[in-house]
Amino acid sequence: MENSGPVRHLVTPFLSAPLKRLGSAALVACTLLLAGCQQDLYTNLAEREANSMVATLQRNGIPASRVLQDDGKMKVVVDGERFGEAVQVLDDAGLPKQAFATMGEVFQQEGLVASPTQERAKMLYALSEELSRTVSEIDGVLSARIHIVLPDNDPLRREASPSSASVFIRHEAGLKIDPLIPQIKTLVANGIAGLSYDKVSVVPVAAAAAQPASASQPMVSFLGLWMLESSVSRAMWIIGGLAGLVVALVAGVAALLLRQRDQKTYQLESFR
């Protein structure tokens, strides 16, 4: 009974510090392990676009998150094992959105004087980009491209060649595109001078329906938690690593206590 006080004072500091270190080490280990499993999917994104991509992936059962870059833009990260599946899901959803050049970007002056041919080519490209951007904003349209033909008619010719335009649209599988085609043709015809409605052709292509993620990635129960079947092996590896860390720390604490007890016993015997 006389030694209970010294032993209690000896055990308390040596137990509390290792337990704190154990919690910190476990937290760091989990963070590093989880971070090492993440892979950048897309970078240099606007916040709104990153939100849409993360929401689309999560709706399809793929865990994803957005991370702020040093330059203020966003990036989307996913589990490395589901990288290919995530790319396919976003591609089927038309994400990230196609980038179009603006009028200002097309007509940035690069030289002192531009030839009429260069100015004409820039105008055609700018019109195509602006109209493609507008059509792609229609709900259900995943991507759109518009090709414009404006013939360089000779004023001396009696008959002038008419202008024409062809519109390619990739849309969602469930979208009723037929009622939209007349509106798209009207939009393109009114956006280009000298282009008539009947000279605009629209080619719609339906995207393949995405397969539900639950069919290819079944959920299973592991230690009372539901997770993807492909993630069970990783969870077991993480738990095994943490268990080994706990055993090593406990063994270290026990060794310190035994050594301290032996030193205390040696000091008591020396005083006698």
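Just so it is clear, the model here is predicted, and its values are computed rather than measured.

Peer 1: Explanation requested: unusual backbone geometry in the structure shown.
Peer 2: Generally, phi is negative for residues other than glycine and the peptide bonds are trans, each holding for most cases. A cis amide bond links leucine 95 to the next residue, proline 96, at an omega of -5°. Position of proline 96 among the secondary structure elements: in the loop between α3 (83-92) and α4 (103-106). Here the phi dihedral of asparagine 44 falls at roughly 55°; this positive angle occurs in a residue that is not glycine. You can see asparagine 44 is positioned in strand β1 (residues 38-45). Under the relative-accessibility criterion, asparagine 44 is labelled partly exposed at 45%.

Peer 1: What should I look at first to understand the pairing of strand β6 (residues 200-206) in this one?
Peer 2: Within a regular strand, the side chains alternate between the two sheet faces. Pairing of strand β5 (residues 164-171) with β6, which is carried by seven bridges, proceeds in the parallel orientation. In the sheet register, alanine 165 faces β6, and the bridge partner there is valine 200. A crossover links β5 with its parallel partner β6, the connecting element being helix α6 (residues 181-191), and its sense is right-handed.

Peer 1: Mind showing me how you'd approach the sheet that holds strand β3 (residues 74-79) here?
Peer 2: Sheet strands pair by backbone hydrogen bonding; their relative direction is either parallel or antiparallel. If you trace the three strands from one edge of the open sheet to the other, you get β1-β3-β2, paired in antiparallel fashion. Looking at the sheet topology across the chains shown, the edges are occupied by β1 and β2 (64-68). Adjacent strand axes in the sheet meet at a mean angle of 25° when their direction is disregarded. For β1 and β3, the ladder comprises five bridges, and the chain directions are antiparallel. In the strand pairing of β3, tyrosine 42 is matched with valine 76. Along the sheet, helix α2 (residues 47-59) makes contact with β1, β2 and β3, crossing β2 at roughly 160°.

Basis of the calculations
- Residues numbered from 1 in each chain as written.
- Predicted model: local features only at pLDDT ≥ 70, side-chain atom pairs only at ≥ 80, totals over all residues.
- Heavy atoms only, no water.
- Helix = DSSP H or I, 4+ residues; strand = E, 2+ residues; numbered from the N terminus.
- Buried < 20%, exposed > 50% of the residue type's maximum accessible area, 1.4 Å probe, protein only.
- Pairing = 2+ DSSP bridges.
- Right-handed = clockwise from strand over helix to strand, strands pointing away.
- Axes fitted to C-alpha atoms, helices over the stretch in contact; angles between N-to-C directions.
- Contact = heavy atoms within 4.5 Å.

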